[in-house]
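Structural characterization, general
Single-letter residue listing:
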Amino acid sequence: MTMPDLNMVLHPPARLQICAVLANVDEAEFARLKTIAGVTDSVLSKHLSALAEEDYVKLRKAALDGRQRTWVSLTRTGRAAFAGHLAALQHLAAGLG
């Protein structure tokens, strides 16, 4: 049995956390993801840009309480990539890698 490939775009811990959150919701607000990942605005922006470049996430700007907010959602491509990465991690954890 061959080991599924780890997805190195999703592998950094902050990106894995972001995708784990987004896999369970329709979308999440930038500030919430920042808190969960424990990173600064600029670091989160860089991670989201890397994910968006691969079409793993979609960013949406919208006003909320009179302020512009950024909302993030996982795309179909992102969901598939995340599921594949999780399968590879589970394969490793099971000692099959």
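Rules used in this analysis
Residues numbered from 1 in each chain as written. Predicted model: local features only at pLDDT ≥ 70, side-chain atom pairs only at ≥ 80, totals over all residues. Heavy atoms only, no water. Helix = DSSP H or I, 4+ residues; strand = E, 2+ residues; numbered from the N terminus. Buried < 20%, exposed > 50% of the residue type's maximum accessible area, 1.4 Å probe, protein only. Contact = heavy atoms within 4.5 Å. Polar contact = N/O pair within 3.5 Å; in protein donor to acceptor, adjacent residues only side chain to side chain. Salt bridge = Lys/Arg side-chain N within 4 Å of Asp/Glu carboxyl O.

Section: the environment of C19
With respect to the helices, strands and loops of the structure, C19 is situated in helix α1 (residues 13–22). Its relative accessible area of 1% is what places C19 among the buried residues. Beyond its immediate stretch of four places on either side in the chain, C19 contacts L10, L51, L74 and F82.

Examining the environment of T40
Within the secondary structure, T40 is located in the loop between α2 (30–37) and α3 (41–53). In the structure, T40 is positioned 35 residues away from D5 in sequence and 30 Å away in space, judged by C-alpha atoms. Side chain to side chain, T40 and S42 meet in a polar contact 3.3 Å long.

Describing the pattern of salt bridges
One pass over the full model with this rule turns up two salt bridges. Here R60 and E27 are joined by a salt bridge, their closest N and O atoms 2.5 Å apart. Within this pair, whereas R60 is found in strand β2 (residues 57–64), its partner E27 is found in the loop between α1 and β1 (28–29), the two being separated by 33 residues in sequence. The exposure class of R60 is partly exposed, given its relative accessible area of 34%. In this structure E27 comes out as partly exposed when scored by relative accessible area, which is 30%. Its salt-bridge partner being K34, residue D41 comes within 2.9 Å of it at the nearest N-O pair. The class of D41 is partly exposed, set by a relative accessible area of 41%. According to the relative accessible area criterion, K34 is partly exposed, its value standing at 29%.

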